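# Examining the three-dimensional arrangement
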Amino acid sequence: MSHSGGTDQDRIAESESSGTKPTPEEIAAHTASLVGFHYTVEDYYEIGREEVRKHAMAVQDAHPTHWSEDAARALGHDTLIAAPTYVSVFGIIAQRKLFEDVITGYDLWQIMQTDQRLVYHQPMKVGDRLICDVSLESFRHVKSPEMIDLMVTKNIIWNQHGEPVMTTWTSLAARPGMDVDPELEASLDHVMMKIDEVGQPARTVEPETGRYDLPDPTQRPGAYAAIDFDTLTEGQELPGKRYLLTRGNLTNYAGVAGDPNPIHFSDHVISAAGMDDVVAHGMQTMGLGASFISGFIGDPAAFCEYNVRFTSPVYVPADDSAAVDFSGKIKSLDPQTRRGTIAITAKQGDRRIFGRAQAVIQFN
């Protein structure tokens with residue numbers, strides 16, 4: 001399904017060109033009209049060997065499949081595979097285009113990720129040329145107790161062989177028509193990344209005829225070198241693990257993921273916005289959770305699904321580390337498929353970071 005625009009989009013464009021802000025109702029009407037809209041990102045994304053390692057370091061994942069070809073081959077992989085949340089590096093490109101060119105009227109710093117669901121069809125690996133189909137799945141404009149727009153976007157990611165790699169659903173909450181304090185607006189201008197000119201890549205991908213109308217892919221990855229199903233019991237607890245985050249970790253992750261949002265590094269913006277402290281990226285904490293699970297299951301390629309509801313950010317002070325403690329247990333086991341569901345808990349002190357977090361794993 002394509003979309004040719006309409007009066008709401010025209011009014012938003014006219015408002016922005018005249019220097020006035022579109023109303024929340026205009027933004028909501030335009031966004032609601034886009035439910036069911038699809039597009040394909042025009043350029044493929046090629047996974048590089050060092051990018052896999054950089055992302056693994058950013059989410060503190062030392063699993064050998066991300067670092068050593070010899071170790072990866074010993075576990076049944078022909079090259080390095082990416083960590084389970086590597087999609088965040090690619091997905092932010094698609095999301096940026098979505099909110100710059102399609103769903104207009106929102107500032108990126110006003111959009112909060114609330115849920116993330118990742119369904120794996122096969123592991124991402126070095127050399128993959130990823131192609132992404134993007135759609136807006138749902139939209140709801142809420143007026144009370146506060147005005148907020150709730151939406152779900154979907155990405156279906158394919159490789160150069162036409163094989164599905166991953167399907168993702170991202171739930172977002174956006175605040176339309178916010179009046180920005182002049183001090184905050186000045187702060188944002190002072191810290192947002194400045195680029196004189198951006199090069200324009202050639203179009204390397206054409207939408208595949210009829211693919212938008214196909215049902216979602218259902219392929220599941222194999223067990224690879226995951227641990228034996230028969231060694232597990234329901235209710236079994238995973239050994240707990242603590243990860244430390246500093247401002248250095250946040251800045252490094254922002255660079256690796258290509259996310260320049262200043263709430264992750266700027267005290268100036270945090271002060272002007274009235275927030276408690278700079279916060280870790282949601283996908284950074286989700287990545288730590290995947291690293292925690294990978295260390296237990298033996299092979300991160302065995303992830304079938306991973307979903308997280310974000311309930312509270314990780315605050316990172318300027319003069320200390322933030323400690324995030326992970327615990328988990330085997331929630332259920334299916335002897336027919338030899339799959340299991342692992343539920344995990346993440347806390348900063350007594351405060352829960354995730355409201356719900358679980359992964360489905362294909363065991364041997």
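By the naming in an unreviewed UniProt entry, the chain is MaoC family dehydratase N-terminal domain-containing protein, taken from Gordonia jinghuaiqii.

In this section: the overall build of the chain. Helices and strands together make up the secondary structure of the chain, namely nine helices and 12 strands. Projected onto its principal axes, the C-alpha positions of the chain cover 65 × 55 × 40 Å. In the chain, the share of contacts with a sequence separation of at least 24, taken over all contacts with a separation of at least 6, comes to 75%. For the chain, the exposed surface amounts to about 16,800 Å²; the carbon and sulfur share of it is 50%. Computed over 31 positive and 51 negative side-chain charges, the inter-centroid distance for the chain is 6 Å.

Here the focus is the pattern of salt bridges. Under the counting rule described, the total for this entry stands at 22 salt bridges. Of the charged contacts in the structure, one is a salt bridge between K154 and D216, with a shortest N-O distance of 2.8 Å. Of this pair, K154 sits in strand 5 (residues 148-158) while D216 sits in the loop between helix 6 (182-191) and strand 7 (237-245), placing them 62 residues apart in sequence. Exposure remark for K154: the relative accessible area of 9% places this residue in the buried category. Given the relative accessible area of 30%, D216 is considered partly exposed. When salt bridges that share partners are traced, they join R49, E50, R53 and E69 into one network.

Enumeration over the complete set of coordinates arrives at 10 aromatic pairs. Ring centres of F99 and Y106 lie 6.4 Å apart, and the angle between their planes is 80 degrees; this geometry places the pair in the edge-to-face category. Y106 shares its class with F99; the two are buried. Between F310 and F354, the ring centres sit 6.0 Å apart and the planes meet at 75 degrees, which makes this aromatic pair edge-to-face. Residue F310 is located in strand 8 (residues 303-310), and its partner F354 is located in strand 12 (residues 354-362); the two are separated by 44 residues in the primary sequence. You'll find F310 and F354 in the same group, each marked buried. For the cation-ring pair, R117 lies above W169, with the distance from its terminal atom to the ring centre recorded as 4.5 Å. Geometry around Y243 places K241 over its ring, the cationic atom sitting 5.2 Å from the centre.

Here we come to the nonpolar core. In terms of nonpolar packing, the biggest core is built from 82 residues, with M124, I293, Y306 and I342 touching the most fellow members. In terms of residue count, the dominant contributor to this core is helix 9 (residues 282-297) (eight residues).

Between its terminal C-alpha atoms helix 5 (residues 87-102) stretches 21 Å, which fits the 22 Å expected from 16 residues at 1.5 Å a residue. Among the residues of helix 5, V87, S88, V89, F90, G91, I92, A94, L98, F99 and V102 are the ones counted as buried.

Axes are the key here: two packed helices are described by the angle between their axes and the distance separating the axes. Running from N to C, helix 3 (residues 49-58) and helix 7 (residues 247-257) point in directions that differ by 150 degrees, and their axes come no closer than 9 Å. By the angle between their directions, the pair helix 3 and helix 7 is classed as roughly antiparallel. Here the hand of the crossing between helix 3 and helix 7 comes out left-handed. Note on element contacts: helix 7 touches helix 3 through N252, Y253 and V256, opposite K54, H55 and A58. The residue inventory of the contact of helix 3 with helix 7, partitioned by class, reads three nonpolar, two polar and one charged.

For strand 5, the buried fraction is high: 10 of the 11 residues fall into the buried class. Here 11 bridges tie strand 4 (residues 129-142) to strand 5, and the two strands are oriented antiparallel to one another. By the bridge assignment, D133 is partnered in strand 5 with I156. Two successive antiparallel strands, strand 4 and strand 5, enclose a turn made up of five residues. The pairing of strand 5 with strand 6 (residues 164-174) spans 10 bridges and is classified as antiparallel. Bridged to L150 within strand 6 is A173. With antiparallel pairing between neighbouring strands as the criterion, strand 5 and strand 6 make up a hairpin whose turn holds five residues, including G162 at a positive phi of roughly 80 degrees.

Time to look at the environment of S332. Take S332: it is sitting in strand 9 (residues 322-334). Each C-alpha atom of the pair S332 and E237 lies 12 Å from the other, and the pair is 95 residues apart in sequence. With residues near it in sequence (within four places) discarded, S332 still touches E234, R339, G340 and T341.

Backbone geometry follows two general trends: most residues other than glycine have a negative phi, and most peptide bonds adopt the trans configuration. A cis amide bond, omega 5 degrees, links S144 with the succeeding residue P145. Turning to its location among the elements, P145 is positioned in the loop between strand 4 and strand 5. With phi around 50 degrees, Y224 is a residue other than glycine that occupies positive phi space. Here Y224 shows up in the loop between helix 6 and strand 7. Positive phi outside glycine occurs at R338, with the angle close to 60 degrees. On the secondary structure map, R338 appears in the loop between strand 9 and strand 10 (339-348).

Rules behind the numbers
Residues numbered from 1 in each chain as written. Predicted model: local features only at pLDDT ≥ 70, side-chain atom pairs only at ≥ 80, totals over all residues. Heavy atoms only, no water. Helix = DSSP H or I, 4+ residues; strand = E, 2+ residues; numbered from the N terminus. Contact = heavy atoms within 4.5 Å. Areas by Shrake-Rupley, 256 points an atom, 1.4 Å probe, with all protein chains shown as cover. Lys, Arg positive; Asp, Glu negative; His and termini not counted. Charge placed at Lys NZ, Arg CZ, Asp CG, Glu CD. Salt bridge = Lys/Arg side-chain N within 4 Å of Asp/Glu carboxyl O. Buried < 20%, exposed > 50% of the residue type's maximum accessible area, 1.4 Å probe, protein only. Phe/Tyr/Trp six-rings, centres within 6.5 Å; stacked < 30°, edge-to-face > 60°. Lys NZ or Arg CZ within 6 Å of the ring centre and 35° of its normal. Core = buried A, V, L, I, M, F, W, Y, C linked by side-chain atoms within 4.5 Å. Expected span 1.5 Å × (residues − 1). Axes fitted to C-alpha atoms, helices over the stretch in contact; angles between N-to-C directions. Parallel < 35°, antiparallel > 145°, perpendicular 65-115°, else oblique. Left-handed = near helix turned anticlockwise from the far one by under 90°. Nonpolar A, V, L, I, M, F, W, Y, C, P; charged D, E, K, R; others polar. Pairing = 2+ DSSP bridges.

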